[in-house]
Amino acid sequence: ETGVTQTPRHLVMGMTNKKSLKCEQHLGHNAMYWYKQSAKKPLELMFVYNFKEQTENNSVPSRFSPECPNSSHLFLHLHTLQPEDSALYLCASSVAANEKLFFGSGTQLSVL
Amino acid sequence: DQQVKQNSPSLSVQEGRISILNCDYTNSMFDYFLWYKKYPAEGPTFLISISSIKDKNEDGRFTVFLNKSAKHLSLHIVPSQPGDSAVYFCAASAEFGNEKLTFGTGTRLTIIP
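Here goes a summary of the coordinates provided. Keep in mind that what you see is a predicted model, and the values were worked out from it rather than measured.

Next up on the list: a nonpolar patch on the surface. Residue and element names in this part refer to chain B. A cluster of nonpolar side chains, contributed by Ile 18, Ile 20 and Val 78, occupies part of the molecular surface with about 230 Å² of accessible area. Summarising the element assignment, Ile 20 is placed in strand β3 (residues 19-25). What makes Ile 20 partly exposed here is its relative accessible area of 36%.

Next comes the structure, spelled out in structure tokens:
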């Protein structure tokens, strides 16, 4: 248990659906991240929030919309996804932007 | 274009022997390197790091070596234990910050009892 909880663990959705991934950290960290891991590819940084402010958007398509209402919670809102968006989505947090990352267990997303 | 490369997708090592995982990078601006370990159905966990001012960092059974001229780093695990079986990710940063952390594709290490 790393103190970073992601729900749901698995999600299957159609291309016209709207869904949200949730991440919660109980570590008192100030920075939170969304990463994407596709099969046989490196982890790709999607978004970074530092003190609730988005500091990085790594050229992510607008069908992925992050939300960080407070420093403990991070959401990833999904709409009109494509099958190639199927991947493991990992949330992470850190004390500050230059400290080691603590990852959640991820949400395995399948887009049909 | 992958800036951090782990060319061995898998590695098998006998229990008690040394495991050596390799990582190469292309960006000469990288100055901070980390290794993460991932078990199935879990997120990656931080293992060990090294900054470019050092060429070696040791933590118990784990040692990371950095060869800046060759743009190469390696993780040594000795002695290897069955619990070390996992996927190991190499990562690098150019600004000692997580916003620009670049990961490799990982190496699956299997320790044979």
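Moving on, we come to the side chain of Gln 6 of chain A. All names here are of chain A. In this fold, Gln 6 is placed in strand β1 (residues 4-7). Here Gln 6 falls in the buried class, since its relative accessible area comes to 4%. Polar contacts involving the side chain of Gln 6 include one to the main-chain carbonyl oxygen of Tyr 89, which spans 3.0 Å. A polar atom in the side chain of Gln 6 sits 3.0 Å from the backbone nitrogen of Gly 106. Beyond its immediate chain neighbours, meaning those up to four positions away, Gln 6 contacts Lys 22, Cys 23, Trp 34, Tyr 89, Leu 90, Cys 91, Gly 104, Ser 105, Gly 106 and Thr 107.

Moving on: the state of the cysteines. Note on terminology: a disulfide is the covalent bond linking the sulfur atoms of two cysteines. In the structure shown here, the tally under the stated rule is two disulfides over all chains. Disulfide partner of Cys 23 of chain B: Cys 90 of chain B, at an S-S distance of 2.0 Å. Between Cys 23 of chain B and Cys 90 of chain B the disulfide shows an S-S torsion of about -75°. By sign, it is left-handed. Taken together, the residues span a long stretch of sequence, with Cys 23 of chain B in strand β3 and Cys 90 of chain B in strand β9 (residues 86-93) at a distance of 67 residues. Residue classification places Cys 23 of chain B among the buried residues on the basis of a relative accessible area of 0%. By relative accessible area, Cys 90 of chain B is classed as buried at 0%. Left unpaired, Cys 68 of chain A is separated from the closest cysteine sulfur, that of Cys 91 of chain A, by 9.1 Å.

How each quantity is defined
- Residues numbered from 1 in each chain as written.
- Chains lettered and ligands numbered in written order.
- Predicted model: local features only at pLDDT ≥ 70, side-chain atom pairs only at ≥ 80, totals over all residues.
- Heavy atoms only, no water.
- Patch = residues over 30% accessible without salt bridge, like charges linked within 9 Å, V, L, I, M, F, W, Y side chains within 5 Å.
- Areas by Shrake-Rupley, 256 points an atom, 1.4 Å probe, with all protein chains shown as cover.
- Salt bridge = Lys/Arg side-chain N within 4 Å of Asp/Glu carboxyl O.
- Helix = DSSP H or I, 4+ residues; strand = E, 2+ residues; numbered from the N terminus.
- Buried < 20%, exposed > 50% of the residue type's maximum accessible area, 1.4 Å probe, protein only.
- Polar contact = N/O pair within 3.5 Å; in protein donor to acceptor, adjacent residues only side chain to side chain.
- Contact = heavy atoms within 4.5 Å.
- Disulfide = S-S within 2.5 Å.

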